Amino acid sequence: MDRKKKLLIVSHAPSPNTLSLRDAVAQGAHHEDIENVEVTVLAPLDAGPDDVLACDAIILGTTENLGYMSGALKDFFDRSYYPCLEKTQGLPFAYYIRAGHDGTGTQRAIDSITTGLRWKVVQEPLICRGEFQPEFVTQCEKLGLSMAASLDVGII
C-alpha cells in the first residue's frame, strides 16, 4: 500500500474566532471519508522547513494585521523560504485570511512569497472579510475537506 499523503496546516489563531477557523479546516481535512491523508496542524511559530519538506500539500491561515499577514506567519516564511526554495517547487497549497478589512494586502504578500517559492495554488484564496460570520467556519471546513479529498484521490 502507498504511504499516506501528508497535509500540513499552518495557521495563526490568536483569538477564539480564528481558532474556530483553524479547527474547522482541520475538521474538514479529517473527514471520515478521507482514508489516505495524514493531517498535521501547527502554529506558525511551531512549524518550520522540515514540516514543509515532509508534506504533500499545505494550507496556510492568517489574520490580517495592519494590511499584512500575521507576524507569526511571516516568521514561518522567513525561516522556511531558503531551505524550501529549491525543494518544494510545485507544492500544492491553499490559504485563508481572517480579514477585518479587505485582505488585499495580506493576499498580495502571501501571493508574492509563494510565487517566489514556486508553490502551486490549487484553490482560490478564502478571505473571510468584515465582522466575524458563522459561515466563515463552514467555508474553512470546506477548504480543509477539499484539500484533503484532492490529496486522497490524487488530484493534487
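Look up: the structure comes first, before these words.
So, how was this worked out
- Residues numbered from 1 in each chain as written.
- Predicted model: local features only at pLDDT ≥ 70, side-chain atom pairs only at ≥ 80, totals over all residues.
- Heavy atoms only, no water.
- Core = buried A, V, L, I, M, F, W, Y, C linked by side-chain atoms within 4.5 Å.
- Buried < 20%, exposed > 50% of the residue type's maximum accessible area, 1.4 Å probe, protein only.
- Helix = DSSP H or I, 4+ residues; strand = E, 2+ residues; numbered from the N terminus.
- Contact = heavy atoms within 4.5 Å.
- Disulfide = S-S within 2.5 Å.
- Lys, Arg positive; Asp, Glu negative; His and termini not counted.
- Salt bridge = Lys/Arg side-chain N within 4 Å of Asp/Glu carboxyl O.
- Polar contact = N/O pair within 3.5 Å; in protein donor to acceptor, adjacent residues only side chain to side chain.

Asker: Can you walk me through the nonpolar core in this structure?
Answerer: One recurring pattern in soluble globular proteins is that nonpolar side chains are buried together. Within the largest apolar cluster, 25 residues are counted, with the highest numbers of intra-cluster contacts made by Ile58, Leu60, Phe76, Phe77 and Trp119. Secondary structure elements with two or more residues in this core: strand 1 (5–11), strand 3 (57–65), helix 3 (71–84), strand 5 (92–99) and helix 4 (104–117). Excluding residues within four positions of it along the chain, Ile58 makes contact with Leu7, Leu8, Val10, Val52, Phe76, Leu91, Pro92, Phe93, Ala94, Trp119 and Met147. Ranked by size, the runner-up nonpolar core spans 22 residues in total, among them Val25, Ala26, Cys140 and Met147.

Asker: Sorry if this is basic, but what is going on with the state of the cysteines here?
Answerer: Linking two cysteines covalently via their sulfur atoms produces the bond known as a disulfide. Tallied over the entire structure, the rule returns 0 disulfides. Just so you know, Cys140 is unpaired, no disulfide at all, and the nearest cysteine sulfur is the one on Cys128, 4.5 Å from it. Relative accessible area serves as the criterion here: at 0%, Cys140 is assigned to the buried category.

Asker: Even after reading the chapter, I still don't get the side chain of Arg98, so can you show me in this structure?
Answerer: Counting through the fold element by element, Arg98 comes out in strand 5. Here Arg98 is buried and forms no salt bridge, its nearest opposite-charge partner Glu131 lying at an N-O distance of 6.0 Å. A polar contact is formed between the side chain of Arg98 and the backbone oxygen of Gly130, at a distance of 2.6 Å. Apart from residues no more than four positions distant in its own chain, Arg98 is found in contact with Thr18, Leu21, Thr62, Thr63, Glu64, Cys128, Arg129, Gly130, Glu131, Phe132 and Phe136.

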